[in-house]
Structure formats: structure tokens, C-alpha cells
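What follows is each chain in one-letter form.
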Amino acid sequence: MARIEVKVPDIGGYDDVPVIEVLVAAGDTVKVDQGLVTLESDKATMEVPSSAAGKVAELKVKVGDKVSEGMVIAVLEAEGTSAPTEAKPAPAPAAPAPQAPAQPAPETAKAPPAPQAAAGTGRKADIECAMVVIGAGPGGYTAAFRAADLGLDTVLVERYATLGGVCLNVGCIPSKALLHAAAVIDEAAHAKTYGIDFGKPKIALDALRAYKDKVVGQLTKGLAAMAKQRRVRTVTGVARFVSANELEIAGEQGTQLLRFRHCIIAAGSQALKLPGFPWDDPRVMDSTDALDLADVPKKLLVVGGGIIGLEMATVYRALGSEVTVVELASQLMPGADADLVKPLADRLKKQGVSVHLHTKVVEAKAQKTGIACTFDGASVPENKVFDRVLVAVGRAPNGGKLDAGKAGVDVSERGYISVDAQMRTNVPHIFAIGDLVGQPMLAHKATHEGKLAAEVAASEDKPDKSPQWVARVIPSVAYTDPEIAWVGVTEGEAKAKGLKVGVGKFPWAASGRAIGLDRTEGFTKLVFDEATHRVIGGGIVGVHAGDLIAEIALAIEMGAEASDIGHTIHPHPTLGESVGMAAEVYEGTITDLYLPKKPA
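Cut-offs and rules
- Residues numbered from 1 in each chain as written.
- Predicted model: local features only at pLDDT ≥ 70, side-chain atom pairs only at ≥ 80, totals over all residues.
- Heavy atoms only, no water.
- Core = buried A, V, L, I, M, F, W, Y, C linked by side-chain atoms within 4.5 Å.
- Buried < 20%, exposed > 50% of the residue type's maximum accessible area, 1.4 Å probe, protein only.
- Helix = DSSP H or I, 4+ residues; strand = E, 2+ residues; numbered from the N terminus.
- Contact = heavy atoms within 4.5 Å.
- Disulfide = S-S within 2.5 Å.
- Pairing = 2+ DSSP bridges.
- Right-handed = clockwise from strand over helix to strand, strands pointing away.
- Salt bridge = Lys/Arg side-chain N within 4 Å of Asp/Glu carboxyl O.
- Phe/Tyr/Trp six-rings, centres within 6.5 Å; stacked < 30°, edge-to-face > 60°.
- Lys NZ or Arg CZ within 6 Å of the ring centre and 35° of its normal.
- 1 Å grid on protein atoms, 1.4 Å probe; cavity = no way out; pocket = protein on both sides within 12 Å on 5 of 7 lines; lining within 4 Å.
- Points joined across faces, edges and corners; volume = space filled by probe spheres on them.
- Nonpolar A, V, L, I, M, F, W, Y, C, P; charged D, E, K, R; others polar.

(A) Broad picture of the nonpolar core. Membership of the largest hydrophobic core comes to 54 residues, with the highest contact counts inside it found for V132, F241, L258, F260, I264, I265 and I430. Element by element, the count of residues in this core is highest for strand β9 (residues 127-134), at seven residues. Every residue in contact with V132, bar those within four places of it in the chain, is listed here: V155, V157, L247, L258, F260, H262, C263 and I264. Ranked by size, the runner-up nonpolar core spans 39 residues in total, among them M285, I308, Y316 and L332.

(B) Layout of the state of the cysteines. Throughout the structure, instances matching the rule amount to one disulfide. The disulfide partner of C167 is C172, and the gap between their sulfur atoms is 2.5 Å. Across the S-S bond linking C167 and C172, the dihedral sits near -130 degrees, which makes this disulfide left-handed. This cysteine, C263, is not joined by any disulfide, and C129 carries the nearest cysteine sulfur, 8.5 Å off.

(C) View of the pairing of strand β17 (residues 299-303). Across the five residues that make up β17, a large majority, four, are buried. Inspection of the sheet shows β17 paired to strand β18 (residues 322-327) by five bridges, in the parallel sense. Considered in β18, the bridge of V303 is made with V326. In this region the chain leaves β17, passes through helix α6 (residues 307-319) and returns to the parallel neighbour β18; the handedness of that crossover is right-handed. Two strands pair when backbone bridges link them, and β17 and strand β23 (residues 388-391) are joined in this way by four bridges, in the parallel orientation. Bridge pairing links L300 to R388 in β23.

(D) Here's a closer look at the pattern of salt bridges. Applying the stated criterion across every chain yields a total of 30 salt bridges. Three or more residues are tied together by salt bridges with common partners; here these are D337, D339, E491, K505 and K525.

(E) Representation of the sheet that holds strand β6 (residues 54-59) within the structure. What the four strands build is an open sheet, ordered β1-β8-β6-β3; its pairing is antiparallel. Edge positions in the sheet fall to β1 (2-7) and β3 (29-30), since each of these pairs with one other strand and no more. Relative to strand β8 (residues 72-78), β6 is paired through four bridges, and the arrangement is antiparallel. By the bridge assignment, K55 is partnered in β8 with E77.

(F) Up close: the pairing of β6. When β3 meets β6, the two strands line up antiparallel, connected through two bridges. The residue bridging V30 from the neighbouring strand is G54, located in β6.

(G) The packing of aromatic side chains, seen in detail. Within this structure, the stated rule accounts for five aromatic pairs. The residue whose ring lies beneath K505 is F523, and the NZ or CZ to ring-centre distance is 4.3 Å.

(H) Focus on empty space enclosed by the protein. On inspection of all chains with the given rule, the structure shows two cavities of 30 Å³ or more. What the largest cavity holds in volume is close to 50 Å³. In terms of lining, the largest cavity is formed by D337, L340, W486, V487, V489, T490, E491, K525, V527, G538 and G539. Elements supplying a minimum of two residues to the lining of the largest cavity: β27 (483-488), β29 (523-529) and β30 (535-542). Here the second largest cavity is characterised by a volume of approximately 40 Å³. Along the walls of the second largest cavity sit D186, T314, R317, L348, Q351 and D481, which together make up its complete lining. Tallied by class, the residues present in the lining of the second largest cavity amount to one nonpolar, two polar and three charged.

Quick look at the structure:
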């Protein structure tokens, strides 16, 4: 068992930087690049990562100590060599990922040797470039644009005819366009409660579909224009590696050979297709099929009560479908705190959506009258035959579809690609970002990773100056009605880990803005570290929760304390002021509520 000293790396020439947070304890097992302590200078807050994997044998510092470059902060016990590995598994998020709860993080068991790269073809290349990006989703096009801005001759390869990937073409953007339409329908119906009756809506499905397509088209055209402005060459087709510096791209015009110096793999993920469903029947849908909006089924079964399933349930219910949701877990949206989910569950029940937890579909058969389903679980739906079935149980990474082994890139059996803190794979000039490097599978995570990978590649002649992945938290949002958003440590996670936290919770029933909207079912919750009073997590349920969560994410990134948030003047009356008021609840200074004083 080797003993390894972990020392403070170059921290920008600063000396005597205070330790404001110790992230591990003696006896903890840590991975390479896992944060051990957090330092705060007068310019920035930074984490000191572990240079090796192993068990923490001894911590040399505590909160309040001051450290400088080269000082030992911890001693690890590790088997074998103490040298850091070239690549590490992509880190799991602080909280379970909501987007695809069925997909855990990449395997952490000892991996087999990396595949040997194939020899170069020796053929004349049809395309040569300094940087190629595979996949033009939010992470991919961001990576390509940033690489071009930094002076790299860049090619962007995309299988769709338009840029934007799954998110823009058949995911985030079209779903939000339809969710907006659903919200308008619901708001018009809700207006009856305060004396305005618009009557029953008339839905022109062709026009609604055209509106969705127009939204997508506007954004894809904008991306194409920006690619042209940056002189990013775009190639339509499916890319596969043939060597460590070559790709073959199969498209309508045949197969082209592309030779590159750097590559960023941003190939994303695809919807999981559960066995046991008749996938050859168009009445069985994944999320892409559901967004086509072929019709409004009278009876719709949604398999999976995560974000994607519930967003599409929201759309189809508003359009007139009778919706049934089955979820294998004990609550909707596994990974979110139960109290955040309850207002949504209550509203779905009032709207007639039938929700069945601890339940699964064991068989689905295509019949002339519909898709006949057999269920097993604690709450079996009364209805057994559905006009359409949407299966939304998560997504699987596309890492195994690129022949990456021919480039020497290590890909797990499940299609994940391991990367280090600079998004490098085990092959130094090849990077990977987004869904295929691990949870959470979110567009905004991929965007930041893509920008980082491009900046690291562009700084190859200055490796000591290149950046690393430093995001503390990644927010998650469900655009249901009400919306649910959370970031950082959840209350449930804190309890499971035995963390000493305090919670400030402000009910929207006391919000003037929420009362004016007649939407008082929501609340804002902040989670604080009891030792430092720093905010480490938060959640919001209510209308526009997704727009509000960014303030909490920023507060966590900046290391804000409860008083920092509470003393920030928020405009009144707004939903945003509930963030400040939640901090005041924790501090005991709230005046918009009466809370009896806690016993001393």
C-alpha cells in the first residue's frame, strides 16, 4: 500500500490562501481530480484536487488554515503506483441526474487495457483540419465555434441535415415550444377563476406543428449563419474513426476521409428502447416520435415518470389526451426532493392524470384497437389498452457507435468515454464531452464542456496555462406545470450522507406575486452548510422555477452565505424575491412570515 502526499498545486502565485472548506474526511475513498479542500483568495475560490486515487489516511489542514503552493494537504493510501492516471471516469453530479435516472455514471471498476489504435490509412485525405468536432448539438457547436474563435481550422460533422443536434432538432427546443402552447391552454382555462372566459380552445394540429418547426428552423438557420461567419466547415454524415488521426464520414455524397490534429467527440446519446415493446408499431413512441405530434391520442400511456416523460405528459394532457403515467421508482422525478415533486403530483391528479408508482409494464402487444399492456407493481392502471405509448426511461450514450477503438480511445461496454479534468480521453489529442462522458445528460453541461475542450486544445503549446473543469454545480429543470428546478446538494442527499445542513424554505402562499398569479402552490428552498452558513443547494417548485434557479447556482459558485443572499435587495413584487426570503427564513430575520422563535 503506497502512501502519497497530495500537495497544493500552482495557485496563481498566491501565498497564505485560507482553507474555507474541507470536502473529505479521513477514511474517505477519493478519485483522481476529486476536490479535497476549497481555498479562497481575494480574487477567486478554487478547489484543490487529488493527484491520485486512494483512501484518505490523514488530513493535514482544517478550515481556517492558510496554505501555499507545495504544502501537503493530505496523505493517501493507494495500491500500486502513486502516479496519477491519464484519464479518469467522468464524475457523477452532486445529486442524482434527473434527465435519465435509469443511467448511472460510467463504470469505475478497473478498466481493461486501452485498445490499440489502427495504423493510418496512408490515403489522400478529402478534408484536412486542425480540429474536427463530431456532433453539432449544444456541446458540439459550442466547441467548434470556440475552437474557430481561437484560431483553429475547424470542421463540424453532423448526421442531421441541420445543426443543433438532438437538443435543437428533436429535443429541448421543440419540446419547450409545445410546452409553451400547453401553458397557454392551461392559463386560458385558469382565467375563469378570475372572471375571464376564453371558451374551449380549438386546436389546429397542423398549425401547432408548423409553429414548433418554425421555432426550430429559426435557431438552426442562426447556427448555420454563425458557422459560416466563423469559417467553420460543416459536413453532413455519420463519422467513424479509422485511425488515431482519421475519420471516415458517410453521407449522401459518398464516404470522405478526414484527417485531423485534434478531435472533440460530442456524439451525444439516444433514447433507450426497452425490450418487450413492439417498436415496429408507430403507436409506440420514443421522445423524438412524440415531438412529431402525429395526432392527439385519446388514451396515452407514458412509461417513465422522469423529466422527459412528464414534460410530454404535460403537452399531451393539455391537448386533450387522457394520460396515464407509470414509474418504477417510489416517486416521480427520482433524484429531486420529494417535497419539490409533491405540488406537481397534486396538480397532475387534479388535472386527471393517472400516476402509478412502483409499477412497470411487463408486456405490450400491438392490437387493432391499440397497444395492450400488462402491468406489475403496487398500483396497476385500470386501463389496459392505449392508443399510443411513450417510452421515456432515459438515454444511452453513443460512444460505442464511432469505432473509437480504432483511434485507441477507451469506451466502456455501455458506451461511455472516460475523460480527465480537461475533457481529454486516454488519447491526449482526442477529447469527449456531453452525454457520452457521464451524467447529468444536460445540454448546458455539454456547452461548458465543449468550450473547455476547445480552449485546452488551442493551448497545446502552453499546457500549464490550459483550463480545467471547475463547475461546482449543474442545475436541473423540469418544464412541467408547475416547473421544478434544483441545483447542488439536495435535502435528501444531505440526509443520506449525514451532512450537517440547515434549510430555509419560503412558501409562495406568502408571495404577493404568486398570489396575483393565483399560483401559490410553489415554494423556494435553500440548503446551507451549518458550519459555514454557505449555500450548498437549493430547489424551487412553481411557475418559472427554471428561470429562477440560476441565482441559486451562482450563489453556490460564488460561495455566498445566507446573509449575502438575504441582504441582496430583490425587486418587489417578484417570484425572485422568494430566494432572498428563503435565506431570511434560515437566518431567522424574515418579516414576511411569522415563525415562532426556536428554543435556545
